[in-house]
Amino acid sequence: MARLTINGKTYELDVDPATPLLWAIREQAGLTGTKYGCGIAQCGACTVHVDGEAVRSCVVPVSAVQGKQITTIVGLAAGGALTKVQQAWIEHDVPQCGYCQSGMLMAAAALLQRKPKPSDADIDAALTNICRCGTFQQVREAIHAAAKA
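### Looking at the packing of helix H3 (residues 84–91) against helix H4 (residues 101–114)
Viewed as axis vectors pointing N to C, H3 and H4 meet at an angle of 130°, and their least axial separation amounts to 9 Å. Taken together, the axes of H3 and H4 are oblique relative to one another. Considering only the axes of H3 and H4, their crossing is right-handed. Residues Val-85, Gln-86 and Trp-89 of H3 lie in contact with H4, whose contacting residues are Gln-101, Met-104, Leu-105, Ala-108, Ala-109 and Leu-112. Within the contact of H3 with H4, the residues separate by chemical class into seven nonpolar, two polar and no charged.

Below, the structure written as structure tokens:
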């Protein structure tokens, strides 16, 4: 049994400690906003925050996150109000197909927490998520807009 705190709520999940966090979030807790992409921590679709840090949940075992605060895309907007970066995402028409967006937003939110006024180089270094639609320029614009807001 694993006890995880996800988006401020405690879940008692019957999972093997080696189970990737992604599957505990999606299959056991039923929070499907976090996406499966590659399963090898390359694409970033599964990005969540663990104690405020962006991590690829497809390769993090449940045993490594017990007792920590896990935030998914579902918990990013506290109280239902969009964050600055979520609002900027909309205003800059970032999403195309949208599949990578939950992970991309989580990576961007963690970056802005760490570095409120990131440079293009900071953004490039922090957002290694893959977007098949190629909206990287809109992502950069949205992050800069959120930093100014």
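On we go from here.
### Structural notes on helix H6 (residues 136–148)
For H6, which comprises 13 residues, the first-to-last C-alpha distance of 19 Å matches the rise-based estimate of 18 Å (1.5 Å per residue) to within 8%. Every buried residue of H6 is accounted for by Val-139, Arg-140, Ala-142, Ile-143, Ala-146 and Ala-147. Taken down its axis, H6 places every buried residue within 165° of arc, on the same side. Here the buried face of H6 lies against H3, H4 and helix H5 (120–126).

### Let's talk about the pairing of strand S3 (residues 47–50)
By the alternation rule, side chains of S3 split into Thr-47 and His-49 and Val-48 and Val-50, which are all buried. Bridge analysis of S3 against strand S4 (residues 53–56) gives four bridges, and the strand direction is antiparallel. Looking across to S4, one finds that His-49 is bridged to Ala-54. Hairpin connection from S3 to S4: two residues lie between these consecutive antiparallel strands, with Asp-51 at a positive phi of about 50°. Relative to strand S5 (residues 69–71), S3 runs antiparallel, the two being bridged by two bridges. Each bridged residue has a counterpart across the sheet, and for Val-50 the counterpart in S5 is Ile-70.

### Here we look at the nonpolar core
Membership of the largest hydrophobic core comes to 23 residues, with the highest contact counts inside it found for Val-85, Trp-89, Met-104, Leu-127, Val-139 and Ile-143. Mapped onto this core, the elements with two or more residues apiece are helix H2 (73–76), H3, H4 and H6. The dominant element in this core, judged by the number of residues it contributes, is H4, at eight residues. Leave out the neighbours within four places in its chain, and Trp-89 touches Val-94, Pro-95, Gln-101, Met-104, Leu-105, Ala-108, Val-139, Ala-142 and Ile-143. Ala-2, Leu-31, Val-55 and Ile-70 belong to the second largest nonpolar core, which has 18 residues in total.

### Some details on the sheet that holds S3
The five strands are arranged S2-S1-S5-S3-S4 in an open sheet whose pairing can be described as mixed. For this open sheet the edge positions go to strand S2 (9–13) and S4, each flanked by a neighbour on one side alone. Adjacent strand axes in the sheet meet at a mean angle of 40° when their direction is disregarded. The strands touched by H4 within the sheet are S3, S4 and S5, with S3 carrying the most contacts at an inclination of about 35°.

### Structural notes on the side chain of Gln-86
Mapping Gln-86 onto the fold places it in helix H3. Given the relative accessible area of 9%, Gln-86 is considered buried. A distance of 2.9 Å separates a polar atom in the side chain of Gln-86 from the backbone nitrogen of Thr-83. Filtering out sequence-adjacent residues up to four positions away, Gln-86 remains in contact with Ile-73, Leu-76, Ala-77, Ala-81 and Leu-105.

### A few points about the packing of H3 against H6
For the pair H3 and H6, interaxial distance at closest approach is 8 Å and the crossing angle is 135°. Between H3 and H6, the crossing angle belongs to the class labelled oblique. The handedness of the crossing between H3 and H6 comes out as right-handed. Contact with H3, carried on its side by Lys-84, Val-85, Ala-88 and Trp-89, involves Val-139, Ala-142, Ile-143, Ala-145 and Ala-146 of H6 and no other residues of that element. Residues that form the contact of H3 with H6 fall into these classes: eight nonpolar, no polar and one charged.

Each value, and the rule that gives it
Residues numbered from 1 in each chain as written. Predicted model: local features only at pLDDT ≥ 70, side-chain atom pairs only at ≥ 80, totals over all residues. Heavy atoms only, no water. Axes fitted to C-alpha atoms, helices over the stretch in contact; angles between N-to-C directions. Helix = DSSP H or I, 4+ residues; strand = E, 2+ residues; numbered from the N terminus. Parallel < 35°, antiparallel > 145°, perpendicular 65-115°, else oblique. Left-handed = near helix turned anticlockwise from the far one by under 90°. Contact = heavy atoms within 4.5 Å. Nonpolar A, V, L, I, M, F, W, Y, C, P; charged D, E, K, R; others polar. Expected span 1.5 Å × (residues − 1). Buried < 20%, exposed > 50% of the residue type's maximum accessible area, 1.4 Å probe, protein only. Arc of directions from axis to C-beta. Pairing = 2+ DSSP bridges. Core = buried A, V, L, I, M, F, W, Y, C linked by side-chain atoms within 4.5 Å. Polar contact = N/O pair within 3.5 Å; in protein donor to acceptor, adjacent residues only side chain to side chain.

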